[in-house]
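One letter stands for each residue in the lines below.
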Amino acid sequence: MCGIIAYAGSRSCTGLLYQGLRKLEYRGYDSAGLSVLVDGSIEVVRAVGNMDSLERELKGNGHADARLGLGHTRWATHGRPSSENAHPHSDCSGKISIVLNGIIENYAGLKEKLAREGHRFTSETDAEVVAHLIEKHYDGDLLEAVRRTYADIAGHFAFCAIHSGHPQMIAGARKECPLLVGVGEEEVFVASAIPAFLSETRDVIVVGDEELFVATPGEVQVLDLGKKRLDREITRVNWDVGAAEKSGYETFMRKEIYEQPDALIDTIAGRMAAPGQVVLEEMLVSDEALAGIDKVYIVACGTSFHAGMVGRYVLEDWARIAVELDIASEFRYREPVLSPSTLVVGISQSGETADTLAAMRQARRMGARVLAITNIMGSQATRDADGVIYTRAGLEIGVAATKTHLAQIAAIQLLALKLAQVRNSLGPDAIGAIAAEMKTIPGLLADYLKNESATHEIAKRYYRQPFFLYLGRGVGLPVCLEGALKLKEISYIPTEAYAAGEMKHGPIALLDKGSPVVVVATDGHVYEKVVSNIEEVRAREAAVIAVATEGNEGIKAYSDDIMYVPRTSEMLSPLVSVVPLQLLAYHIAQLKGCNVDQPRNLAKTVTVE
Ligand code: F6R
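In every chain, residue numbers begin from 1 and rise along the written sequence. Per-residue local features are limited, in this predicted model, to residues with pLDDT of at least 70; the limit for side-chain atom pairs, both in listing and counting, is 80 or more; totals at the level of whole chains, interfaces and linings are taken over all residues. Derived side-chain values reflect all non-hydrogen atoms in the structure, with water molecules and hydrogen atoms excluded from consideration.

## So, the overall build of the chain
As a reminder of what qualifies: Helix and strand definitions here come from DSSP, where helices need a minimum of 4 consecutive H or I residues and strands a minimum of 2 consecutive E residues; each element is numbered from the N-terminal end. Note that the radius of gyration is over C-alpha atoms, with the globule rule given as 2.2 Å times the number of residues to the power 0.38. Only protein chains enter the calculation, and the probe is 1.4 Å; a residue is then buried if its accessible area is under 20% of its type maximum, exposed if over 50%, and partly exposed in between. Any two residues having at least one pair of non-hydrogen atoms within 4.5 Å are treated as being in contact. Using a 1.4 Å probe, accessible areas were evaluated by the Shrake-Rupley method; residue-level cover was limited to the displayed protein chains. Neither His nor the chain ends contribute to the count of charged residues, in which Lys and Arg are positive and Asp and Glu negative. One atom stands in for each charge, and that atom is NZ of Lys, CZ of Arg, CG of Asp or CD of Glu.
Summing up its helical and strand segments, the chain has 18 helices and 25 strands in all. The C-alpha atoms of the chain give 25 Å as radius of gyration, which agrees with the globular expectation for 609 residues (25 Å, within 12%). If you line up the chain on its principal axes, its C-alpha atoms span 75 × 55 × 45 Å. Buried residues in the chain amount to 61% of all 609 residues. Taking all contacts inside the chain whose residues are at least 6 apart in sequence as the whole, residues at least 24 apart take part in 70%. Carbon and sulfur atoms form 47% of the exposed surface of the chain, whose accessible area is close to 22200 Å². Between the centroid of the 62 positive side chains of the chain and the centroid of its 79 negative side chains there is a distance of 2 Å.

## Quick look at the site of the ligand
Our working rule: If even one non-hydrogen atom of a residue comes within 4 Å of a molecule or strand, that residue is called near it. The term polar contact refers here to a pair of N or O atoms within 3.5 Å; inside protein, the definition further demands a hydrogen-donor-capable atom paired with an acceptor-capable atom, and it admits residues adjacent in sequence only when both atoms are side-chain atoms. Gly counts as polar in this scheme, as do all residues outside two lists: the nonpolar Ala, Val, Leu, Ile, Met, Phe, Trp, Tyr, Cys and Pro, and the charged Asp, Glu, Lys and Arg.
Looking at the ligand, there are 13 residues lining it, with Ser304, Ser348, Ser350, Thr353 and Glu489 nearest. With respect to the ligand, the backbone of Gln349 contributes an N or O atom lying 2.7 Å from an oxygen atom. Within the backbone of Ala401, an N or O atom sits 2.9 Å from an oxygen atom of the ligand. For the ligand, the protein covers 89% of the area, taking 410 Å² as the surface of the free molecule. For the shell around the ligand, the secondary-structure elements that each account for two or more residues are helix H9 (302–319) and helix H16 (476–491). Here the shell around the ligand takes three residues from H9, the largest share from any one element. The residue inventory of the shell around the ligand, partitioned by class, reads four nonpolar, seven polar and two charged.

## So, the domain arrangement of the chain
Think of interface size as the accessible area that goes away when the parts come together; that is how it is often given. The criterion, for reference: Start and end points for every domain follow an automatic or database-based domain assignment. What counts as buried area is the accessible surface, traced by a 1.4 Å probe, that two parts surrender upon association, with contributions from both included.
Looking at the chain, the domain boundaries give domain 1 (3–244), domain 2 (252–447) and domain 3 (453–591). The C-alpha centroid of domain 2 is placed 33 Å from the C-alpha centroid of domain 1. Across the boundary between the two partners, domain 1 contributes 14 residues, which contact 13 residues of domain 2. Both faces considered, domain 1 and domain 2 share a buried interface measuring about 1200 Å² in area, 57% of it formed by carbon and sulfur atoms. Viewed at the interface, domain 2 and domain 1 are joined by one residue pair in polar contact (both at pLDDT 80 or more).

## Re helix H4 (residues 128–137)
Among the ten residues of H4, eight are classified as buried, and the element is accordingly described as predominantly covered. All buried positions along H4 are accounted for by Glu128, Val129, Val130, Ala131, His132, Leu133, Ile134 and His137. Of the surrounding elements, those touching the buried residues of H4 are strand S5 (89–90), strand S6 (96–104), helix H3 (107–116), helix H5 (142–152) and strand S7 (155–163).

## Considerations on the side chain of Thr149
Structurally, Thr149 is set in helix H5. Excluding anything up to four places from it in sequence, Thr149 contacts Val130, Leu133, Ile134, His137 and Phe159.

## Notes on the environment of Ile373
Inspection of the secondary structure assignment puts Ile373 in strand S19 (residues 369–374). In the structure, Ile373 is positioned 192 residues away from Val181 in sequence and 24 Å away in space, judged by C-alpha atoms.

## Concerning the pairing of strand S25 (residues 561–565)
Defined as follows: Between any two strands, pairing holds if DSSP finds at least two bridges.
In terms of residue burial, S25 counts as a mostly covered element, since four of its five residues are buried. By the bridge criterion, five bridges tie strand S24 (residues 543–549) to S25 in an arrangement that is parallel. Paired with Ile545 across the strands is Asp561, a residue of S25.

## What about empty space enclosed by the protein?
In plain terms, the rule: A cavity, in this analysis, means grid points on a 1 Å lattice covering only the protein atoms where a 1.4 Å probe fits yet has no way out; a pocket is instead an open set bounded by protein on both sides within 12 Å along at least five of seven lines, and a residue lines either one if it has an atom within 4 Å of a point. Grid points are joined across faces, edges and corners, and a volume is the space filled by probe spheres set on the points.
Inspection of every chain in the model, using the stated rule, returns six cavities of 30 Å³ or more. Space inside the largest cavity adds up to approximately 230 Å³. Surrounding the largest cavity, 24 residues form its lining, Ser192, Ala193, Ser350, Glu352 and Ile376 being those nearest its centre. Its residues assigned to classes, the lining of the largest cavity comprises twelve nonpolar, seven polar and five charged. Considering only enclosed or pocket space, the second largest cavity measures out at about 80 Å³ in volume. Around the second largest cavity, the lining comprises 14 residues; the ones closest to its centre are Arg473, Gly476, Thr522, Val526 and Glu570. Elements that contribute at least two residues to the lining of the second largest cavity include exactly strand S23 (516–521) and helix H17 (527–539). Of the residues in the lining of the second largest cavity, the class split is six nonpolar, five polar and three charged.

## What to know about the pattern of salt bridges
We count it as follows: By convention in these notes, a salt bridge is any Lys or Arg side-chain nitrogen within 4 Å of a carboxyl oxygen on Asp or Glu.
In the structure shown here, the tally under the stated rule is 35 salt bridges. The partner of Arg229 in a salt bridge is Glu219, with the nearest N and O atoms 3.0 Å apart. Placement of the pair is Arg229 in strand S14 (residues 229–230) and Glu219 in strand S13 (residues 219–223), with a sequence separation of ten residues. As a salt-bridge pair, Arg364 and Asp386 come within 3.2 Å of each other at their nearest N and O atoms.

## Examining the sheet that holds S25
To keep it simple, the criterion reads: Angles shown run from 0 to 180 degrees and are taken between the N-to-C directions of axes, each axis being a line fitted to C-alpha atoms and, for helices, limited to the stretch in contact.
Taking strand neighbours across the sheet as the criterion, the five strands line up as S22-S21-S23-S24-S25 in an open arrangement whose pairing is parallel. Single-partner strands in this sheet number two, and they are strand S22 (495–499) and S25. Shown here is a sheet whose adjacent strand axes are inclined to one another by a mean of 20°, direction ignored. Bridge analysis of strand S21 (residues 468–472) against S22 gives five bridges, and the strand direction is parallel.

## Structural notes on the nonpolar core
Across soluble globular proteins, nonpolar side chains have a tendency to be buried as a group. Rules: What is meant by a nonpolar core is a set of buried Ala, Val, Leu, Ile, Met, Phe, Trp, Tyr and Cys residues, joined one to another through side-chain atoms within 4.5 Å.
Of all hydrophobic cores here, the largest spans 93 residues; its most connected members are Trp318, Val345 and Tyr470. If you tally residues by element for this core, the top one is helix H13 (residues 403–423), at twelve residues. Listed in part, the 36 residues of the second largest apolar core include Val36, Ala66, Ala191 and Ile397.

## Looking at the packing of aromatic side chains
Think of a pair of aromatic rings as described by two things: how far the centres are apart, and how the planes are tilted against each other in angle. Worth spelling out the cut-off: By convention, a stacked pair of Phe, Tyr or Trp rings (six-membered ring in the case of Trp) has centres within 6.5 Å and planes under 30 degrees apart, an edge-to-face pair has planes over 60 apart, and any other such pair is tilted. Whether a charge lies above a ring is judged from NZ of Lys or CZ of Arg, which has to be within 6 Å of the ring centre and within 35 degrees of the ring normal.
Counting across every chain of the model gives six aromatic pairs. When the centroid spacing of 5.0 Å and the interplanar angle of 65° are considered together, the rings of Tyr7 and Phe189 count as edge-to-face. Placement of the pair is Tyr7 in strand S1 (residues 3–9) and Phe189 in strand S10 (residues 187–191), with a sequence separation of 182 residues. Tyr7 gets classed as buried once you look at its relative accessible area, which sits at 0%. Residue Phe189 is classed as buried on the basis of its relative accessible area, which comes to 2%. Here Tyr297 and Phe331 contribute two aromatic rings whose centre-to-centre distance is 5.1 Å and whose plane-to-plane angle is 80°, an arrangement assigned as edge-to-face. Residue Tyr297 is found in strand S16 (residues 295–300), and its partner Phe331 is found in helix H10 (residues 328–331); the two are separated by 34 residues along the sequence. Look at Phe331 and you get buried, because its relative accessible area is 0%. Across the ring face of Tyr492, the terminal group of Arg600 is positioned such that the distance to the ring centre comes to 3.8 Å.

And the structure:
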């Protein structure tokens, strides 16, 4: 979704802002722009389309003297993608420039009132009201104008403003959408995500929810809404700058698929230290409190929801606890039955997904204990939760989630083991054995990825097919749902994913001679049932592409193509069985010439409802 970068310092900033926007591209956008202060006045350059269009607009107009500026990538919500609707937006005088992420819900009324007062609007956006409100409230103090503007607007947003009268200052505020300040040597960056300035500085100050900030090259102040200064420490981020580069891979998605063994190693590291003991430090829920939990409620969206569904199987199996699971956008508008003994687990890679955050807040209001599983330190989800389990997958740039998904599965498996430990549903030996097996999986996966070639060959055979059906049962069901989502989002091929036992209740009607049906048929207690479902598929002369456990020779009799995965115990199998489905989707999308890193219409971080 939208991305913000701002700079104040001693370096020429047009290039820095442009580079920052390039680093934010992964979030998804349909227009981009920047504004810089040159010779006392603000110049704005905007373009529809990708960053190459903005680069063309900037050609021959490098604004070499600019030392203060804002940049923005916009993903249209209010107003179509156009250069007028692209950010930055200006006030009537052109002295003020702003960029905004999120949505101003009361913008229509504000716009009407401001227009009556004589303000002239040049875009269809909700964001432009912020520029005019700052203009209205400005009397020489930019921070105060920001504070008063904040008080006027409703919604969820993060914005930054500059004024030509303050050549070294960026001021802004946030509500629910993230904003981070990067502190350099005599320079300061502000951005909606760390990658935007990671190549320039690793020292970060987080602006908290419902807080204001004012930043100059020498000083960063974070303030509450009454302008009381808050103590904020600088955090040093340890992300690898190379993580934001492709490191020799043709795409970020491929690189991230191949980074999965490391993502698993890091997510597990130190969390199963003593035999039979699971340590989840940031969870901040004592063992006693955890023992009092009688229901787990998982809420998430998209791929994170599929990780949550794996969680349901392992929590029931290992921890013998009741589990409910819901899509966050449904949960938030229902009246779920929660109590202080319910543990609500919000899973969100970004920690910013609007629906998941709203669901978590609702759960907290209803008295439940709330836990976040997220990949982003300091993200909003971590603030809306009582405790956190961080996935340590590192930065994920590809819009289609891969390594963060695997890390989410591992995180919820760790939670299930922890609950099994405090509930005594598994003894220390059983927990130790599962933990020991989990530790072997990164190695198995690394070997698998080194020798993997089957998925490319299979992709070549099927990529022209107009439709794919995915089937799975038990813990293979979330895997097939995820495989189908991956294929549709990056190749635009329609897919249907179903519980294999449900197929005969409807989707079987879709099958025809040669229709590709991807079946997750790894070893487990429902394997024979899955084979029966495969027989039903074959009876319709459809083509079976099976994901099966290494060594299963019998499956050859039932399948047209097989993607073998390493042998694991059943509850851990999603950690390996989802990987060939990621690769199959990847190769099909590549063969079709699709942009796998930035599929159309999708955003990496969905900060709107
Ligand atoms: C698909 C994908 C999305 C996200 C969903 C939730 O590949 O990435 O379905 O999983 O938008 O995002 P997070 O996990 O950031 O809450």
